[in-house]
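What follows is each chain in one-letter form.
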Amino acid sequence: MNLYFVSLGCDKNLVDSEKMLALLLHRDIQITDAAEEAELIIINTCSFIQDAKEESIETILEMAALKSEGRCRALIVCGCLAQRYSEEIRSEIPEVDAIVGTTAYDQIVTAAERALSGSRTVLLNDRDYLPKDLTERIPAVSGYVSYLKIAEGCSKRCTYCIIPSLRGNYRSVSMEELLCEAELLAAGGTRELIVIAQETTVYGVDLYGEKKLPELLTKLCRIKGIEWIRLMYCYPEEITEALLQVIKKEPKICHYLDLPIQHCNDEILRRMGRRTNRKDLTDKIALIRDILPDAALRTTLISGFPGETKQQHDECVDFVRELQFDRLGVFPYSPEEGTPAAGYADQVEEQVKQQWADEIMQAEQDVIFRQNERMTGKVLRVIADGYLPEEGVYTGRTYRDAPDIDGCIFFESSAEIISGEILTVRVTEARGYDLTGEIWCEEEQG
């Protein structure tokens, strides 16, 4: 039987998709990249912000049309949109045969069997349930880069965020299970392991009574085959000196930290339900740069949060220029039903939110372009991502760049380079957000 699988949304959702694929492929199901040829179609949806909801709904409707017209026998909708709007999907899109919530993906085989037998079903576990012992995965993208989701859910309850309602409270995956999963990924060819969760920095508190991320990272570094370990979603207030010292000590861990701060103004941070303030943010970033002088710091910001004034926005722009983040993303505030912030009376106009987002990105662009200019002449390790035949160049990333969200480096090579290979490249030129370089052989340099 042919399966067409669509995974939408974040990298955390992608991990769930890869685990579902592993379960399904044990049942004599083959993957196809042609939706019109599939007998079974599964969509793992996202519902984090309005744009994500719209993409998920459009994909469901597109696949529903294929089911009506083609050979598809069963259509299954999984993930966040399924969890959030299960009743609406069931009543309004009759082509959907099965709905699988965020904590029920371990039942995907049951859902498929019921759907293929002609039975409509909804599988929704308690939001705080955590599927266990699902260490096997089928890579949905390149096998040399893999994401390791170390926890599910979030207990922070930021006023703008729907995640706790969709994914439950924070639950750490046991260290034994994570190490087994990482071993399997390494055996399958993973070279770069990206550690993720809604928040990675409090890993282990719920299971072990204390933060265990430093210990987990140390053990991951011992796995043969994994060469780079990258850390994402680190709440700044939870970053400890012990964690930074492990990053400094272990050569496999990239000096790269993703710090989602969302804003810098104390009043806006309070209204967001964040557990930090401007001084704490400034002090923590100073500590990081003191221990890891070459650290690449990425952050995300929200523009136009309810009640935000022009003065508070300008403060955020100045903060970006002052702190000199190496990488940055900004999102206009999206009011999500069911969150406290969606009910605030002082909503900011859409046009203003977008204008403020553009101004923040312009300030960050100036920072990144100057930083990239200073990279010229440096010799860096690079992981190869692919080849562009029309330009005759390879693409890769330095430790400063996470896949899909950051920049890249272009370089030529007379010898064939396999994606996932790690090599040494000298930066020759900055091109906006990206770099160009040349293969660097120390022996030839004398």
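Residues numbered from 1 in each chain as written. Predicted model: local features only at pLDDT ≥ 70, side-chain atom pairs only at ≥ 80, totals over all residues. Heavy atoms only, no water.

A few words on the pattern of salt bridges. The full count for this structure, using the stated rule, is 39 salt bridges. Here Arg 270 and Glu 267 are joined by a salt bridge, their closest N and O atoms 2.7 Å apart. Residue Arg 270 and its partner Glu 267 are located together in helix α11 (residues 266-272), separated by three residues, close to a single helical turn. On the accessibility criterion, Glu 267 (34% relative accessible area) is partly exposed. Between Glu 429 and Arg 431 there is a salt bridge whose closest N-O contact spans 3.9 Å. Judged by relative accessible area, which is 39%, Glu 429 ranks as partly exposed. (Salt bridge = Lys/Arg side-chain N within 4 Å of Asp/Glu carboxyl O. Helix = DSSP H or I, 4+ residues; strand = E, 2+ residues; numbered from the N terminus. Buried < 20%, exposed > 50% of the residue type's maximum accessible area, 1.4 Å probe, protein only.)

It is worth spelling out the sheet that holds strand β6 (residues 121-123) at this point. If you walk across this open sheet you meet the six strands as β2-β1-β3-β4-β5-β6, and the pairing is parallel. The outermost strands of the open sheet, each flanked by one partner alone, are β2 (30-31) and β6. Of the pairings in the sheet, the one linking strand β5 (residues 98-100) to β6 comprises three bridges and is parallel in character. Of the residues in β6, the one forming a bridge with Ala 98 is Thr 121. On top of the sheet, helix α1 (residues 11-25) reaches β1 (2-7), β2, β3 (40-45) and β4 (74-78); it is set at about 170° to β1, its chief contact. (Pairing = 2+ DSSP bridges. Contact = heavy atoms within 4.5 Å. Axes fitted to C-alpha atoms, helices over the stretch in contact; angles between N-to-C directions.)

Okay, the pairing of strand β13 (residues 296-303) next. Most of β13 sits out of view: eight of its eight residues are buried. Of the two faces of β13, the one lined by Ala 296, Arg 298, Thr 300 and Ile 302 and the one lined by Leu 297, Thr 299, Leu 301 and Ser 303 are each fully buried.

What follows concerns helix α5 (residues 108-116). Those residues of α5 lying buried are Ile 108, Val 109, Ala 111, Ala 112 and Ala 115. The buried residues of α5 occupy one face: seen down the axis, they fall within an arc of 160°. Residues of α5 that are buried make contact with α1, β3, β4, β5 and β6. Once α5 finishes, Gly 118 follows within two positions and takes phi at roughly 95°, a positive value. (Arc of directions from axis to C-beta.)

We note that Tyr 233 has phi near 55°; this positive angle belongs to a residue other than glycine. By the element assignment, Tyr 233 lies in the loop between β11 (228-231) and α10 (241-249). Backbone geometry places Gln 262, a non-glycine residue, at a positive phi of 75°. Look at Gln 262 and you get buried, because its relative accessible area is 10%.

A word on the side chain of Thr 102. As for its placement among the helices and strands, Thr 102 is situated in the loop between β5 and α5. Assessed through its relative accessible area of 2%, Thr 102 is described here as buried. At 2.7 Å, the side chain of Thr 102 and the backbone oxygen of Leu 166 are in polar contact. Apart from the residues within four sequence positions on either side, Thr 102 is in contact with Gly 79, Cys 80, Gln 83, Leu 166 and Arg 167. (Polar contact = N/O pair within 3.5 Å; in protein donor to acceptor, adjacent residues only side chain to side chain.)

Among the secondary structure elements, Arg 274 is positioned in the loop between α11 and α12 (278-291). Judged by its relative accessible area of 9%, Arg 274 is buried. At 3.1 Å, the side chain of Arg 274 forms a polar contact with the side chain of Tyr 160.

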